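Close look at the chain arrangement
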Amino acid sequence: MEIGKYNKLKVIKAVDFGVYLDGGNSTEILLPRRYVPQDLSVGDDVEVFIYHDNEGRLIATTDKPAGTVGEFVFMRVREISTVGAFLDWGIMKDLLVPFQEQKTDMIKGEKYLVYIYSDFITKRIVASSRIDKFLDNIPPAYNKNEEVDLLIADKTELGYKVIINNLHWGLLYHNEIFKRISIGEKCKGYIKEIRTDDKIDISLYPLGYDKVDPISKKIMEVLDENNGYLPVNDKSDANEIYSLFSCSKKSFKKAIGSLYKQRFIVIKNDGIQKS
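One structure accompanies this document, and this report is about it. Not measured: the values here are computed from a predicted model.

**Some remarks on the overall build of the protein**
Within the protein one finds three helices and 18 strands. For the protein, whose C-alpha radius of gyration is 23 Å, the value lies well above the compact-globule estimate of 19 Å for 275 residues. Once the C-alpha set of the protein is aligned to its principal axes, its extents read approximately 65 × 50 × 35 Å. When the 275 residues of the protein are sorted by exposure, 43% land in the buried category. Counting only contacts in the protein whose residues sit at least 6 apart along the sequence, the fraction spanning at least 24 positions is 53%. Accessible surface, the protein: about 15700 Å² in total, of which carbon and sulfur atoms supply 48%.

**Focus: the sheet that holds strand 10 (residues 125-128)**
With respect to topology, five strands assemble into an open sheet ordered 8-7-6-9-10, the strand pairing being antiparallel. Pairing within the sheet leaves two strands with one partner each, and these edge strands are strand 8 (95-98) and strand 10. With direction set aside, neighbouring strand axes in the sheet form an average angle of 55°. Pairing between strand 9 (residues 111-118) and strand 10: four bridges, direction antiparallel. Bridging from a neighbouring strand, Ile 116 pairs with Ala 127 of strand 10.

**A few points about helix 1 (residues 214-225)**
Counted at 1.5 Å a residue, the expected span for helix 1 with its twelve residues is 16 Å, and the 17 Å between its end C-alpha atoms agrees. Buried residues along helix 1 sit in contact with strand 16 (229-230), helix 2 (238-245), helix 3 (249-261), strand 17 (265-268) and strand 18 (271-274).

**Focus on the nonpolar core**
Residues Leu 172, Ile 202, Ile 219, Phe 245 and Phe 252 are the most contacted members of the largest nonpolar core, which totals 32 residues. Mapped onto this core, the elements with two or more residues apiece are strand 11 (147-155), strand 12 (159-164), strand 14 (186-194), strand 15 (200-203), helix 1, helix 2 and helix 3. For Phe 245, the contacting residues outside a window of four places in its chain are Lys 218, Ile 219, Val 222, Leu 230, Val 232 and Phe 252. Counting residues in each nonpolar core, the second largest holds 19 residues, with Tyr 51, Met 106, Ile 116 and Ile 125 among its members.

**Here we look at the pairing of strand 15**
Burial along strand 15 is two-sided: the residues Ile 200 and Ile 202 and Asp 201 and Ser 203 are all buried. By the bridge criterion, four bridges tie strand 14 to strand 15 in an arrangement that is antiparallel. Within strand 15, the residue paired with Glu 193 across the bridge is Asp 201. Remark: five residues form the turn of the hairpin made by strand 14 and strand 15, two consecutive strands paired antiparallel; Asp 198 in that turn has positive phi of roughly 70°.

**So, the pattern of salt bridges**
Under the criterion given, the structure shown has 15 salt bridges. Residue Arg 57 pairs with Glu 55 through a salt bridge whose shortest N-O separation is 3.5 Å. With a relative accessible area of 49%, Arg 57 lands in the partly exposed category. Put simply, Lys 133 and Glu 101 hold a salt bridge, and the shortest N to O gap is 3.0 Å.

**Observations regarding the side chain of Asn 233**
Relative to the elements of secondary structure, Asn 233 occurs in the loop between strand 16 and helix 2. Side-chain polar atoms of Asn 233 contact the backbone nitrogen of Lys 235, separated by 3.0 Å. Among all residues touching Asn 233, those that are not within four sequence positions of it are Ile 241, Phe 252, Lys 268, Asn 269, Asp 270 and Gly 271.

**Looking at unusual backbone geometry**
Within the chain, Ser 26 stands out as a residue other than glycine whose phi angle is a positive 65°. The residue Ser 26 is located in the loop between strand 2 (18-22) and strand 3 (28-32) in this model. With a phi close to 60°, Asp 136 is a non-glycine residue in the positive phi region. By the secondary structure assignment, Asp 136 is in the loop between strand 10 and strand 11. We classify Asp 136 as partly exposed; its relative accessible area is 37%.

Conventions we followed
Residues numbered from 1 in each chain as written. Predicted model: local features only at pLDDT ≥ 70, side-chain atom pairs only at ≥ 80, totals over all residues. Heavy atoms only, no water. Helix = DSSP H or I, 4+ residues; strand = E, 2+ residues; numbered from the N terminus. Rg over C-alpha atoms; globule rule 2.2 N^0.38 Å. Buried < 20%, exposed > 50% of the residue type's maximum accessible area, 1.4 Å probe, protein only. Contact = heavy atoms within 4.5 Å. Areas by Shrake-Rupley, 256 points an atom, 1.4 Å probe, with all protein chains shown as cover. Pairing = 2+ DSSP bridges. Axes fitted to C-alpha atoms, helices over the stretch in contact; angles between N-to-C directions. Expected span 1.5 Å × (residues − 1). Core = buried A, V, L, I, M, F, W, Y, C linked by side-chain atoms within 4.5 Å. Salt bridge = Lys/Arg side-chain N within 4 Å of Asp/Glu carboxyl O. Polar contact = N/O pair within 3.5 Å; in protein donor to acceptor, adjacent residues only side chain to side chain.

Next comes the structure, spelled out in structure tokens:
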């Protein structure tokens, strides 16, 4: 069992107000009745999020929190108290950011990027907006063109600062972004370069994409906006192609042929899909 994360636990006892789950080491954790799936029985496994309630007791929920331990996430301040700021965690309990863990004084109603962790002393789950101390603590060990998970964290004069795999800072340059992105967005990216100072340059596309022509870039952008799939191909109506990509059918066929050869897309009988 990991506190502050999702766990698959076994139901060991049913009571009027919920069920108890086996937390290991003779620990029983309550899943309150309002979160119990209708068909759950003793002996079944259930995936739950484990946290401490306001009285310090371990409790389970099937609700999905905004983030788990070890993650960076943007969250809104619900209240300011004498001990710090409380963030809307998306579950019954709010998440505390102690005053000493606030990079700047937090304001009620505003959203902030925070890191969620388990406090070493209290063992409670808290958050911090002092992001830098949780990143770049180990040398980057990525391969060129390796696919990674990104969180768009901030906008600068050069581009967008991103968090890579919850471990490192990276940078997306403005002139290499061919689609709309926004602060707080999570997406896939690719390692472009690790510089001698261990700073990491990131691309939203596999290396070689910078050589793609404008029509191909437009096709990839529209694919991104539609979950990586479009029901159009070289047999589609010319008017439909123009309405989507503002190009002729001939130009579209040439572009998807090039994207296919470079393994950016797969051409199917009923459409095109990102590789």
